[in-house]
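Architecture at a glance
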Amino acid sequence: MDKRQNDVTPEELYSQFITECEKSYSAEELAKIKLAYNNALKAHSAQFRYSGQPYIVHPLAVADILLKLGMDAESIEAALLHDTVEDTDITLDDIKKDFGADVANLVDGVTKLGKIPLSTKEEQQAENVRKMLLAMSEDIRVIIIKLADRLHNMRTLDYMYPQKRRDKALETLEIYAPLAHRLGIRNVKEELEDLAIRFLDPIAYEDISRKIAEMGKSGSEFLEQTRQKIEQRVSKIVSDARIDARIKSTHGIYRKMYMQNKSFNEIYDIYAIRIIVGTVGECYNCLGLIHDMYKPLPGRFKDYISTPKKNMYQSLHTTVIGKEGIPFEVQIRTREMHRTAEYGVAAHWKYKLGINGKTNMEERLAWVRQLLEEQQEAGDVRELVSAIKSDLVPDDTFVFTPKGDVITIPYGATVIDFAYAIHTAVGNKMIGAKVDGRIVPLDYQVKTGQIVEILTSSQQGKGPSRDWLNIAKTSSARTKIRSWFKNERRDENIVEGKAEIDREFRKNFIRLTDEEYTKFIENLARHQHCASVDDFYATIGYGGISLIRLMPYIKDEYNKNYKKQEAQLVKQTRKTGVSNDGVTVKGVDNVLVKLSKCCNPLPGDDIIGFITRGHGVSVHKRDCQNVPKNLADVPEPERWIEVSWNASAKQEFRAALQITGLSRIGLMADLSMQLAAMRVNINDISTREIKDGRSLLNMSITVQNLEHLNSVIQRLEKIDGILSVERQGF
């Protein structure tokens with residue numbers, strides 16, 4: 001079946017499909033496939049795709065993709081039925097009755113979840129991915145069917161709305177293409193990537209396509225001549241070698257041009273020759289032959305035979321250049337390696353390798369279970385999607401320990417990721433790193449072939465820094481860092497979590513009374529399935545809950561439950577207004593005025609008012625950190641109102657001072673005597689020793705205005721041993 005099927009009727013497609021099936025399956029299996037098609041045809045009879053075609057074309061195309069991958073009959077049946085449970089009246093019990101438990105489980109694995117209460121679109125996507133991976137950990141065929149489903153949807157994406165196209169393309173590039181790569185299904189991965197880029201960056205896609213087309217005949221001739229020349233030499237030492245030629249995929253070129261900032265001419269593996277032989281020894285013999293025929297480019301040799309990729313890919317890669325001055329890549333592998341490279345896990349069915357035992361497949365799926373375990377530890381299902389985006393990138397980096405062990409980590413990973421890849425305890429005790437004998441910063445991104453030594457500390461209580469969460473690139477490392485903070489620093493996490501909430505509330509102008517705040521936080525803790533408010537604070541503190549992601553929900557709850565009352569207060573304040581406590585609210589009477597403790601304004605300061613529910617108007621200094629620089633850029637700018645000092649009011653105000661001085665006998669007495677001489681009342685005072693023989697004093701005094709305070713500060717600064725006197729908020 002061809003990718004472009006719009007001019008062919010479903011009956012013709014089905015006829016072609018069954019003809020191909022007859023070559024691969026027994027009569028009994030064929031009967032089940034035909035039954036699955038007829039059931040799907042009946043169930044989808046009233047449904048049509050965006051293209052206007054009958055819906056049955058889609059499951060038929062998905063089944064055909066799986067047929068070409070060589071999948072078993074149960075996978076074909078599940079593909080034909082994969083949308084029936086989600087979109088029609090057919091149930092899983094119906095499928096189980098007619099086709100057995102395995103087919104029913106496959107269909108269930110690729111069926112999306114229903115709507116999740118209170119979940120965002122991102123959470124919905126993550127839950128669907130988690131369900132798919134859970135099913136995949138039990139039966140790998142689930143993800144292969146899902147990849148075929150996504151591939152056909154991407155082939156027919158032109159018929160969707162523009163935003164839907166971009167959303168699907170981005171999801172494909174970030175989730176499904178990395179999964180196809182991790183499973184080693186190269187053809188599916190490359191086509192998914194090319195189709196995704198076509199919709200995400202059509203200008204770049206057309207530019208690359210045009211450049212490839214411009215190479216046209218000359219490029220094809222160069223490849224064919226090179227292939228024949230290599231074939232002539234290789235056939236003398238390997239009689240049954242197969243030599244292929246290809247041009248790099250569009251997305252492969254795109255990644256190097258637009259993500260590594262290279263020009264088209266700087267990409268050395270646009271052209272590639274592939275040599276397929278019988279044994280590993282012949283691979284290395286052919287490598288020597290190629291390096292004898294052509295000049296190898298320095299730093300462009302990779303041995304994936306001795307060090308396979310995580311998806312079991314094995315091959316020798318070398319980039320060489322001939323007399324024409326055109327660089328090209330040569331890949332050398334055995335036939336078994338080639339089957340794995342082309343079909344990945346699907347090769348177990350296509351070449352009947354699955355019957356050799358379950359052990360190998362269990363090993364190849366260990367990473368799926370690791371992903372699920374790390375997500376469960378993190379507590380946030382969205383970490384699963386994040387892990388796929390960061391940990392399953394196409395390029396791996398192979399790094400050596402000082403003992404010569406090879407550690408495989410994703411491209412762009414740091415020495416922190418490397419430390420945690422060795423062992424959790426190594427990461428937790430890490431204090432530094434050396435790369436090729438040189439000390440490097442913790443955000444250093446390691447490169448293939450480097451020798452990395454992790455420096456650790458045996459000091460009790462030593463552990464990772466919170467900053468590492470922003471440095472680590474792999475979700476595995478971030479999960480282990482969070483786990484350490486969760487288990488070792490609960491009290492610190494509670495303090496950090498509460499501070500983070502307070503910062504975000506101030507930034508988003510969420511203002512609540514103490515009673516309202518307590519109730520609001522308790523509701524948030526319940527919503528996040530935390531047993532107590534302290535658990536909620538602690539989870540935010542160690543990163544188990546992302547407060548940034550939670551803020552849209554928090555703002556919605558705040559607006560729903562408190563906004564109307566605040567809006568009413570704003571309305572009343574505008575009508576009635578007030579003046580008291582030395583501050584006048586422009587055009588208003590009888591409103592409560594409160595001087596904000598964050599900046600502690602005094603008469604003479606430039607001030608502004610903010611209408612708060614339950615507190616009337618809070619007065620801030622204009623340069624207070626809680627006052628926006630540009631009121632036009634904040635929500636509800638009308639809540640910021642003009643206020644001024646009432647010159648006729650006789651008031652006294654509290655001011656906070658922080659005094660740094662040399663630790664000496666009599667310093668406190670000198671301060672007290674100077675303030676008494678100025679008739680300034682001390683409300684409270686505290687002192688503590690700091691480093692380098694200095695003391696820090698915090699005191700609250702009563703002054704009349706800003707001018708009075710400045711004169712007090714000037715007098716205090718003249719006292720012997722006083723280093724600085726600074727005004728503070730309370």
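Below, the structure is looked at part by part. Numbering of residues starts from 1 in each chain and follows the order in which that chain's sequence is written. Totals for whole chains, interfaces and linings use all residues, but because this is a predicted model, local features are given only for residues with pLDDT of at least 70 and pairs of side-chain atoms are given and counted only at 80 or more. To get the side-chain values, all heavy atoms of the structure are used, and hydrogens and water are removed first.

Thoughts on unusual backbone geometry
Despite not being glycine, N600 has its phi angle at roughly 50 degrees, a positive value. Note on conventions: DSSP H or I runs of at least 4 residues are helices, E runs of at least 2 residues are strands, and numbering of each starts at the N terminus. Relative to the assigned elements, N600 resides in the loop between β13 (593-595) and β14 (607-612). Between buried and exposed lies partly exposed: a residue is buried under 20% and exposed over 50% of the maximum accessible area for its type, with that area taken using a 1.4 Å probe on protein chains only. Judged by its relative accessible area of 6%, N600 falls in the buried class. Positioned with a positive phi, R679 is a non-glycine residue whose angle comes to about 60 degrees. With respect to the helices and strands, R679 occurs in the loop between α28 (667-677) and β19 (682-690).

Comments concerning the sheet that holds strand β8 (residues 430-435)
With antiparallel pairing, three strands are arranged side by side in an open sheet as β9-β8-β10. Strand pairing shows two members of the sheet lacking a second neighbour, β9 (438-440) and β10 (452-456), which therefore form its edges. Here the strands of the sheet are splayed against their neighbours by 35 degrees on average, with no regard to which way each runs. Running over the sheet, helix α20 (residues 415-422) touches β8, β9 and β10 and is turned about 80 degrees from β10. In this analysis, strands are considered paired if DSSP registers two or more bridges between them. Only the contacting stretch of a helix is used when fitting its axis, a line to C-alpha atoms as for every element, and angles between N-to-C directions run 0 to 180 degrees. Residue contacts are counted whenever heavy atoms from the two residues lie within 4.5 Å of one another.

A short note on the nonpolar core
The nonpolar core is taken to be a set of buried Ala, Val, Leu, Ile, Met, Phe, Trp, Tyr and Cys residues, with the residues joined through side-chain atoms within 4.5 Å. Counting residues in each nonpolar core, the largest one holds 60 residues, and the members touching the most others are F17, I33, L66, I76 and L147. Beyond its immediate sequence surroundings of up to four residues, L66 is in contact with M71, S75, I76, A79, I144, I145 and A148. Listed in part, the 36 residues of the second largest apolar core include I197, I230, I273 and I305.

Section: a nonpolar patch on the surface
Candidate patch residues must exceed 30% relative accessible area and have no salt bridge, after which like charges are joined if within 9 Å and Val, Leu, Ile, Met, Phe, Trp or Tyr side chains if within 5 Å. In this description, accessible areas are obtained by the Shrake-Rupley approach with a 1.4 Å probe, and a residue is regarded as covered only by the protein chains that are shown. Criterion for a salt bridge: a side-chain nitrogen of Lys or Arg within 4 Å of a carboxyl oxygen of Asp or Glu. On the surface, Y50, Y159 and Y161 cluster together into a nonpolar patch covering about 390 Å² of accessible area. Mapped onto the fold, Y159 is located in the loop between α9 (141-155) and α10 (162-182). Look at Y159 and you get partly exposed, because its relative accessible area is 37%.

Examining the packing of helix α7 (residues 101-110) against α9
Taken N-terminus to C-terminus, the directions of α7 and α9 make an angle of 55 degrees; their axes are 9 Å apart at the nearest point. As the angle between them shows, α7 and α9 are arranged oblique. The way α7 lies across α9 gives a crossing that is right-handed. The residues of α9 that touch α7, namely those facing D102, L106, G109 and V110, are R141, V142, I145 and K146. In this count, Pro and Cys sit with the nonpolar residues alongside Ala, Val, Leu, Ile, Met, Phe, Trp and Tyr, while Asp, Glu, Lys and Arg are called charged and the others, Gly among them, polar. Looking at the contact of α7 with α9 residue by residue, the class counts come to four nonpolar, one polar and three charged. Throughout this description, any angle smaller than 35 degrees is read as roughly parallel, any larger than 145 degrees as roughly antiparallel, any in the 65 to 115 degree range as roughly perpendicular, and the remainder as oblique. Whether a crossing is left-handed or right-handed is set by the direction in which the near helix is turned from the far one by less than a right angle, anticlockwise for left-handed and clockwise for right-handed.

Some thoughts on the packing of aromatic side chains
Stacked, edge-to-face and tilted are the three classes for Phe, Tyr and Trp ring pairs, Trp counted by its six-membered ring, which pair at centre distances within 6.5 Å; planes under 30 degrees apart are stacked, over 60 edge-to-face, the rest tilted. Overall, the coordinates contain ten aromatic pairs when judged by the stated rule. Ring geometry for Y304 against Y313: centres 6.0 Å apart, planes inclined by 70 degrees, an arrangement best described as edge-to-face. An angle of 55 degrees between the planes, with centres 4.5 Å apart, marks the rings of F610 and W640 as tilted. In this pair, F610 sits in strand β14 while W640 sits in strand β16 (residues 640-641), placing the two residues 30 residues apart along the sequence. Comparing F610 with W640, the two get one shared label, buried. Taken together, the ring pairs in this structure connect F222, Y271, Y294 and F328 into an aromatic cluster.

Description of the sheet that holds β13
Reading across the sheet, the four strands line up as β13-β15-β14-β16 and stay open at both edges, with mixed pairing between neighbours. Of all the strands in the sheet, just β13 and β16 have a single pairing partner and so form its edges. Examined bridge by bridge, β14 and β16 share two bridges and lie antiparallel to one another. For F610, the partnering residue across the bridge sits in β16 and is W640.

A short note on the pairing of strand β15 (residues 616-621)
Here β15 lies mainly inside the structure; six of its six residues are buried. As defined by bridge partners, β13 adjoins β15 across three bridges and the pair is classed as parallel. Considered in β15, the bridge of K594 is made with S618. Where β14 and β15 come together, six bridges link them in antiparallel fashion. The partner of T612 across the bridge, within β15, is G616.

Here's the deal with the environment of V585
Relative to the assigned elements, V585 resides in strand β12 (residues 583-585). For the pair V585 and W645, spaced 60 residues apart in the sequence, the C-alpha separation amounts to 8.9 Å.

A closer look at the side chain of Q450
By the secondary structure assignment, Q450 is in the loop between β9 and β10. Classification of Q450 by relative accessible area gives buried; the value is 11%. Here Q450 is in contact with V399, F400, V435, D436 and Y444, once residues within four sequence places are set aside.

Brief notes about the pairing of strand β4 (residues 316-321)
Judged by how many residues are buried, β4 sits mostly within the fold: five of six residues are covered. Bridging between β4 and strand β5 (residues 327-334) involves six bridges; their strand directions are antiparallel. Each residue of the ladder has a partner; that of T319, found in β5, is E329. Between β4 and the antiparallel strand that follows it, β5, lie five residues; G325 among them carries a positive phi value of about 80 degrees.

Regarding the environment of V110
Among the secondary structure elements, V110 is positioned in helix α7. Among the residues examined, V110 registers a relative accessible area of 7% and is labelled buried. Considered as a pair, V110 and D83 are 27 residues apart in the sequence and their alpha carbons are 8.5 Å apart. Excluding residues within four positions of it along the chain, V110 makes contact with H82, V142, I145 and K146.

Focus: helix α15 (residues 335-343)
Three- or four-residue spacings in an α-helix give side chains the same orientation, since the helix completes a turn every 3.6 residues. Of all the positions in α15, only M337, H338, T340, A341, E342 and Y343 are classed as buried. The first or second residue beyond α15 is G344, which carries a positive phi of 55 degrees.

Considerations on the pattern of salt bridges
As enumerated under the stated definition, the model contains 23 salt bridges in all. Its salt-bridge partner being D606, residue R622 comes within 3.8 Å of it at the nearest N-O pair. A residue pair is termed long-range when its members are at least 10 positions apart, and R622 in the loop between β15 and β16 and D606 in the loop between β13 and β14 qualify at 16 residues. By relative accessible area, which is 53% here, D606 ends up exposed. Three or more residues are tied together by salt bridges with common partners; here these are D72, E74 and R141.

So far we have only geometry, and geometry alone does not tell us how the molecule works.
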